[in-house]
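Close look at the chain arrangement
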Amino acid sequence: MVSQLKPRLLVSACLLGQRVRYDGRLLPAYPQLLAWQAQGWLVVLCPEVAGGLPVPRLPAEVPGGQGELIWRGAAGLCDSQGHDVSQAFRHGAAQAVQLAQQYDLRWALLKARSPSCGNQHTYDGSFTGTLVSGEGVTAAALRLAGVTVFCEDQLADVERLMLDV
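Figured I'd write up the structure that's included with this text. Only a predicted model underlies this, so the values are computations on that prediction, with no experimental measurement involved. (Residues numbered from 1 in each chain as written. Predicted model: local features only at pLDDT ≥ 70, side-chain atom pairs only at ≥ 80, totals over all residues. Heavy atoms only, no water.)

**Focus: helix H4 (residues 86-102)**
Taking 1.5 Å of rise per residue, 17 residues should cover 24 Å, and H4 covers 24 Å from first to last C-alpha, within 8% of that figure. Restricting attention to buried positions, one finds in H4 the residues Ser 86, Ala 88, Phe 89, Gly 92, Ala 93, Ala 96, Val 97, Leu 99 and Ala 100. Summarising the contacts, the buried residues of H4 are in contact with strand S1 (9-12), strand S2 (42-45), helix H2 (47-50), helix H3 (67-71) and helix H5 (137-144). In the segment just after H4, Asp 104 is the residue with positive phi, at about 55°. (Helix = DSSP H or I, 4+ residues; strand = E, 2+ residues; numbered from the N terminus. Expected span 1.5 Å × (residues − 1). Buried < 20%, exposed > 50% of the residue type's maximum accessible area, 1.4 Å probe, protein only. Contact = heavy atoms within 4.5 Å.)

**Regarding the layout of surface pockets**
Computed from the structure, the largest pocket encloses a volume of approximately 460 Å³. Lining the largest pocket are 24 residues, and of these Arg 21, Tyr 22, Arg 113, Ser 114 and Pro 115 sit closest to its centre. Residues of the lining of the largest pocket, tallied by class, amount to 14 nonpolar, three polar and seven charged. (1 Å grid on protein atoms, 1.4 Å probe; cavity = no way out; pocket = protein on both sides within 12 Å on 5 of 7 lines; lining within 4 Å. Points joined across faces, edges and corners; volume = space filled by probe spheres on them. Nonpolar A, V, L, I, M, F, W, Y, C, P; charged D, E, K, R; others polar.)

**Digging into the packing of aromatic side chains**
Taken as a whole and assessed by the stated rule, the structure comprises one aromatic pair. Aromatic side chains Trp 36 and Trp 41 sit 6.4 Å apart centroid to centroid with 35° between the ring planes, which places their arrangement in the tilted category. For Trp 36, a relative accessible area of 1% translates into the label buried. Owing to a relative accessible area of 6%, Trp 41 belongs among the buried residues under this scheme. The ring of Trp 41 carries the charged tip of Arg 8 above its face, separated from the ring centre by 3.9 Å. (Phe/Tyr/Trp six-rings, centres within 6.5 Å; stacked < 30°, edge-to-face > 60°. Lys NZ or Arg CZ within 6 Å of the ring centre and 35° of its normal.)

**Digging into the nonpolar core**
Residues Leu 10, Leu 77, Phe 89, Ala 108, Leu 110 and Leu 142 are the most contacted members of the largest nonpolar core, which totals 26 residues. Top contributing element to this core by residue count: H4, with seven residues. With near-sequence residues (within four places) excluded, Ala 108 lies in contact with Leu 9, Leu 10, Leu 142, Val 147, Thr 148, Val 149 and Phe 150. By size, the runner-up hydrophobic cluster in this structure holds 19 residues, among which are Leu 9, Val 11, Leu 155 and Val 158. (Core = buried A, V, L, I, M, F, W, Y, C linked by side-chain atoms within 4.5 Å.)

Structural data, given as structure tokens:
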């Protein structure tokens, strides 16, 4: 019998195989995440969809990897056709922070390189595929709220934390 424990981790919905990516593509679900979901350990969210953006949608990039500036309202975020999507990104990030606080979550596992979820690198805003060091809007908001943000490339680190609780 699977034990139902309190949620421990906020997770990007795309990492669980949900069709929420900007291009509508479906990513394969991570088996470990599906097992944790079955145990009731996950809170699942796509910040961009939660912020009101559709699937599919135009790609967006964080200029210079400065997700914190966008979160604070000190910089803007546009999609590939120049439409300002800053408000939707901030709204989705606020929902992620609210969920982390509601469930007293200390960790998040988010999609690498995403303009919302990237925790180490994002695309630079030129729409040329250029990566820069930096973080997405939701990753920045969560970090500022005291949540440690990981990406799927760090799943082994998250697994060690989850099993130590």
